[in-house]
Amino acid sequence: MSIKRMDHVGVVVDDLEAAVAFFVELGMERVGGAESVEGAWVDQVVGLEDVHVEVAFVATPDGHSRLELTQFHRPVATTAEPGAPANTQGLRRLMFAVDDLHDTVTRLKAHGGELVGEIAPYEDVFLLCYLRGPSGIIVALAEEIGGATPPR
C-alpha cells in the first residue's frame, strides 16, 4: 500500500486575506473562496474544542501543488516563537521556483514580505533567497540562472 499523492500543505495564518494576497502575488492561483468551517467533526479531527476557522486554497499554476491557508477564529491560534529563525525544528519554509527573483521579491515586499538574509548566487546555477511573509511564513525563492532544476 502506498500514498496516492501529497494533496496540500496546511499553513495557519493570522490574516487570511493578506496571506491569500501574498501567495497570489507570488503567482499562485486562488481556488474558490474562503470557507467557514466548524462543528463536532472538525473538533475531532484537530483535537481542539469549539473550533471555528476560515480556510482558503491557493494552487501553483501547474495545478500540482496547493496550500491550505487557515485562520483560526476559535480557539485563537498560538505560536511558539514569532519570527523563528530558519534553523528552528519543524516545517520551516516553502520553496518556489520563480522566473525573476528580484522582481518577485520587490512585488512581495509590497505585501509585507521581508528578506531573511540576502539574495545570493549558488555557483552559476541559481539565485536564492529566503523571504518571510504573512504570519512569519518563510518562502524560499530560486531563480534558475544555469541549466539545473531548483533544489528540493
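Before reading further, recall that the structure is shown in the block above.
Because the structure is a prediction, the values reported are computed rather than measured.

J.: Account for a nonpolar patch on the surface, naming residues and giving values.
T.: Taken together, W41, V45, V46 and L48 make up a surface patch of nonpolar side chains, about 400 Å² in accessible area. As for its position among the elements, V46 is in helix α2 (residues 40–46).

J.: A description of the layout of surface pockets should follow, citing residues and the corresponding values.
T.: Of the volumes computed, that of the second largest pocket is approximately 730 Å³. Lining the second largest pocket are 26 residues, with V12, T79, S135, G136 and I137 sitting closest to its centre. Every element with two or more residues in the lining of the second largest pocket is listed here: β1 (9–12) and β5 (93–98). Counting residues per element, the lining of the second largest pocket draws most heavily on β1, at 3 residues. For the lining of the second largest pocket, the residue count by class is 13 nonpolar, 8 polar and 5 charged.

J.: Provide a residue-level description of unusual backbone geometry, including the pertinent values.
T.: Unusually for a residue other than glycine, D50 sits at a positive phi of about 55°. Positionally, D50 belongs in the loop between α2 and β3 (52–59). The backbone of S135 sits at a positive phi, close to 60°, despite the residue not being glycine.

J.: Run through the side chain of T104, naming residues and quoting values.
T.: Secondary-structure assignment places T104 in helix α3 (residues 101–109). A relative accessible area of 4% places T104 in the buried class.

J.: Give a description of the side chain of Q71 that names residues and reports values.
T.: The residue Q71 is located in strand β4 (residues 66–74) in this model. Judged by relative accessible area, which is 16%, Q71 ranks as buried. At 3.0 Å, the side chain of Q71 and the backbone nitrogen of L16 are in polar contact. Contact partners of Q71, with chain neighbours within four places excluded, come to V13, D14, D15, L16, H52, V53 and E54.

Scoring rules and cut-offs
- Residues numbered from 1 in each chain as written.
- Predicted model: local features only at pLDDT ≥ 70, side-chain atom pairs only at ≥ 80, totals over all residues.
- Heavy atoms only, no water.
- Patch = residues over 30% accessible without salt bridge, like charges linked within 9 Å, V, L, I, M, F, W, Y side chains within 5 Å.
- Areas by Shrake-Rupley, 256 points an atom, 1.4 Å probe, with all protein chains shown as cover.
- Salt bridge = Lys/Arg side-chain N within 4 Å of Asp/Glu carboxyl O.
- Helix = DSSP H or I, 4+ residues; strand = E, 2+ residues; numbered from the N terminus.
- 1 Å grid on protein atoms, 1.4 Å probe; cavity = no way out; pocket = protein on both sides within 12 Å on 5 of 7 lines; lining within 4 Å.
- Points joined across faces, edges and corners; volume = space filled by probe spheres on them.
- Nonpolar A, V, L, I, M, F, W, Y, C, P; charged D, E, K, R; others polar.
- Buried < 20%, exposed > 50% of the residue type's maximum accessible area, 1.4 Å probe, protein only.
- Polar contact = N/O pair within 3.5 Å; in protein donor to acceptor, adjacent residues only side chain to side chain.
- Contact = heavy atoms within 4.5 Å.

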